[in-house]
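Observations on the three-dimensional arrangement
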Amino acid sequence: MTTRAEAEQLVLKVPTEPYYAGRWQAGRDVNTFDVVDPVTERRLATVAETGAAGVDEAVSFARSALDDGEWARTDGAARGRLLDRVADLLEARGEEFAAIESLDVGKPGFEPRVIDIPQAVRTFRHFAGWADKVAGRTVPTPGHMGRPTLSYTVREPVGVVAAITPWNSPTMIAAWKVAPALAAGCAVILKPAEDAPLTSLLLASLIEEAGLPAGAFSVLPGRGEVTGRLLAGHPGVDKISFTGSPETGHTVAVAAAKGFRRTTLELGGKSPQIVFADADLDAAAEGVAIGVFANQGEVCAAGSRILVARAVYDDVVERLVARARDVKLGDPFDEGVTMGALISARQRERVCRYIDAGVAEGARLIAGGGRPRRAGYFVEPTLFAGAANTMTIAREEIFGPVGTIIVFDSDEEAVALANDSDYALAATLWTSDLGRAHTVARRVRAGAVAVNGWSPLDPALPWGGSRLSGHGRELGWSGIEANTEEKTVTVVL
Ligand code: ADP
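Before going into details, it helps to say that this report is about the structure given with it. From a predicted model like this one, the values you see are computed outputs, not experimental measurements. Here, residues in each chain are numbered from 1, in the same order as that chain's written sequence. Per-residue local features of the predicted model are confined to residues with pLDDT of at least 70, and side-chain atom pairs are confined, for both listing and counting, to 80 or more; whole-chain, interface and lining totals are unaffected and use all residues. Only hydrogens and water are removed before side-chain values are computed, so all heavy atoms of the structure are retained for them.

The next point concerns helix 12 (residues 345-360). By the criteria applied, helices consist of DSSP H or I runs no shorter than four residues and strands consist of E runs no shorter than two, each listed in order from the N terminus. Expected helix span is given by 1.5 Å per residue-to-residue step, counting one fewer step than there are residues. In this model helix 12 runs 22 Å from its N-terminal to its C-terminal C-alpha over 16 residues, within 8% of the 22 Å that 1.5 Å per residue would give. Exposure is judged per residue with a 1.4 Å probe applied to protein chains only, and the accessible area is read against the type maximum: over 50% gives exposed, under 20% gives buried, and values in between give partly exposed. Buried residues of helix 12: Q347, R348, V351, C352, Y354, I355, A357 and G358, and no others. The criterion used for residue contact is that any of the two residues' heavy atoms lie within 4.5 Å. On its buried side, helix 12 packs onto strand 15 (382-385), helix 13 (392-395) and strand 16 (402-408). Within two residues after helix 12, G362 carries a phi angle of roughly 100 degrees, on the positive side.

Interaxial angles span 0 to 180 degrees and are taken between N-to-C directions of axes, which are lines fitted to C-alpha atoms, for helices over the stretch in contact. Running from amino to carboxyl end, helix 14 (residues 411-419) crosses helix 15 (residues 434-443) at an angle of 35 degrees, the nearest separation of the two axes being 10 Å. Handedness of the helix 14/helix 15 crossing: right-handed. Where helix 14 approaches helix 15, its residues D411, E412, V415 and N419 are matched on the opposing element by R436, V440 and R443. Any residue that is not Ala, Val, Leu, Ile, Met, Phe, Trp, Tyr, Cys, Pro, Asp, Glu, Lys or Arg is counted as polar, Gly included; the first ten are nonpolar and the last four charged. Within the contact of helix 14 with helix 15, the residues separate by chemical class into 2 nonpolar, 1 polar and 4 charged. Note on convention: near helix rotated counterclockwise from far helix by under a right angle means a left-handed crossing. Clockwise means right-handed.

As a further point, take the site of the ligand. One heavy atom within 4 Å of a molecule or strand is enough for the residue carrying it to be called near that molecule or strand. Lining the immediate environment of the ligand, one finds 18 residues, of which T165, K191, E194, S245 and T248 sit closest. Residue R229 places a main-chain N or O atom 3.4 Å away from a nitrogen atom belonging to the ligand. Method for areas: the Shrake-Rupley scheme with a 1.4 Å probe, in which residue coverage is limited to the protein chains shown. Computed on the free molecule, the ligand has an accessible area of 550 Å², of which 86% lies beneath the protein chains in the complex. Of all elements in the fold, only helix 8 (224-232), strand 10 (239-243) and helix 9 (246-258) reach the threshold of two or more residues within the shell around the ligand. The class makeup of the residues in the shell around the ligand is 6 nonpolar, 8 polar and 4 charged. Any N or O atom pair separated by 3.5 Å or less is treated as a polar contact, with the protein-specific requirement of one donor-capable and one acceptor-capable atom, and with residues adjacent in sequence counted only for side-chain atom pairs.

Look at Q296: it is not a glycine, yet its phi comes out positive at around 60 degrees. Relative to the assigned elements, Q296 resides in the loop between helix 10 (281-293) and strand 13 (305-309). Even without a glycine there, the phi angle at R467 is positive, about 55 degrees. Take R467: it is sitting in strand 20 (residues 466-467). Note on R467: relative accessible area 44%, which makes it partly exposed.

On to the pairing of strand 3 (residues 32-36), then. The side chains of a regular strand alternate, residue by residue, between the two faces of the sheet. Alternating positions in strand 3 separate cleanly, F33 and V35 being buried on one face and T32, D34 and V36 remaining unburied on the opposite face. We treat two strands as partners when DSSP finds at least two bridges between them. Where strand 3 lies against strand 4 (residues 43-48), 5 bridges are found, and the strand directions are antiparallel. For V36, the partnering residue across the bridge sits in strand 4 and is R43. Remark: 6 residues form the turn of the hairpin made by strand 3 and strand 4, two consecutive strands paired antiparallel; E41 in that turn has positive phi of roughly 65 degrees.

Another aspect to go through is the sheet that holds strand 5 (residues 138-139). Reading across from one edge, 5-6-22 is the order of the 3 strands in this open sheet, with antiparallel pairing throughout. One side of each edge strand has no neighbouring strand; the edge strands of this open sheet are strand 5 and strand 22 (484-492). In the sheet, strand 6 (residues 149-157) pairs with strand 22 via 9 bridges, with the strands oriented antiparallel. Looking across to strand 22, one finds that R155 is bridged to E486.

Okay, here's the thing in C-alpha cells:
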C-alpha cells in the first residue's frame, strides 16, 4: 500500500494542463487554481484553468474528429479494443490512481482501491463490449402508395459530449460518462471538479497511451463558474452529462435548453434506507452504516434517511450508535482509519450548519456532531434520532456523514415517508420477507432500489433518478441510448 509520502510524490507527476486536440496544451492558459489536500489543508497542485479560447478550440477539434477525423473512421470493434486497452492500463495502475484519489478527495485508500477504481475498470470493460453492438432495429411498415417499404433505424453518436463531474468519486464517475460516450462513437470533453481534478488528468494520459485518436477525448480543468459554464453554454456541444448539485444542475439545464441540447443530470438524493422489523438486524445495521458513512457521506446515493420499524427501533438505534463509534476518523493514509476529511472548508461549514439545524429543530443528537480539533476538514460521523421527515435534516441533501433516523409503524407509513421527498434517486430495503421486498420495491419512488445491501453498483445497471435527483440514465444499454440519436431510414422498394 502506498504511503502518504509516496502518494505526494506521485501527484508531482500528474499533468496540470488541459489536454485536447491530441496533446497537452502547456502554457496556453494564464489563470490557474490550487488543489488542496483536505487532510493537511496544504496545496497539492496548481492546475491551469481552461479559458474561452481553450474551450473553443477543444470543442471545434472534437467536432472535426467526429466529422472527418480518424475517430469518425474508427468502427465499433476498434472502439471496443481501445476501451479494453484503457481498462487494462487503468487496472495496471490501479494502486497509483487509488493513492492519488485518496489524497485528492481525503478518503481512505481502501474505498478507491476496492470500489472506485475497480468499478471504473469494469465500466470501461463493459462498454468495450457494447461498442460493436450499437445496433438499430428493423421495423415492419405497411408500404407506401402501394409499394412495399423497408424501414430500419440506426443509432448514431449524439456528437460532442461534455462530461461535467463532481469531486466525490472522480475516477468512477468520469468512467460512467466517458466509457459509454466513447463506445457510442461520441467525442468526449471531460471537465472534472476543481476540488479534485488529479485522477481525471491522469486518466487523460492513460487514454492517450491507449491510442485513442486525437479529439476523441479531452480534459479541460478549471473552475465550474469559468470552464464549466463556458462548456455547458457552448453551441458546439451536443450533449451535457452532469453529476453534481441540483443548483448547478439547474444552471446547466438552462444553458443546455437555450440550444435544445440534450442533458443527463444526476443531482444527488436524500435516499431512504428502510429497516423492517423482520430484517437481519446485524446485517442491516452494518449496511445502513456503510450507506450513510461511506466516503464521508459524500455520495449522491447516501442512505441518509434511515426509516426504522418501531418494533426494532431501539435495537437498531443502539447498533447504529455503536457503528458510528467504531468509525476511525483520521488521515486516510494512517493504519485503521475508516473515515477521512470532507472535501473543503466550505463543505465542512455546510455540513455543520445542517447539524446545527438538526439540533435547533429538536432532533436528538445521539452520535458525533463535533469537529475534531486538528488540521483538515473533518466532521465526526453523526446520527440524529427521534427525527421527523419534515425537518431540514430529513429534506435536504447534506453530503456529509450525517444520518437522520425516523420511526415508522406500518409498511404503508414507511412507503409514504420514503416517497415524501423532493428527491428520487435510490432506496435500500432491509427485510427477510420476499413478498414485502418486491411490493415495497415497486412502490418506492427511486431510480434504483437495493434489497439487503446498500447500493450495489454495476456498470450493466441503469443509474439515475427523477424529480430533484435529475433525469436520464447512465450505464448499461441505457448509457448507449443516452449517447446516441436514433435515425429512421425508409426505402420505398
Ligand atoms: P459543489 O457545489 O459541491 O462543488 P457542483 O454541483 O457545483 O458541486 O459541482 C459539480 C461540477 O459542476 C463541478 O465539476 C463544477 O466545477 C461544475 N460547475 C459548477 N458550476 C458550474 C456552472 N455554472 N456551469 C457548469 N459547470 C459548473
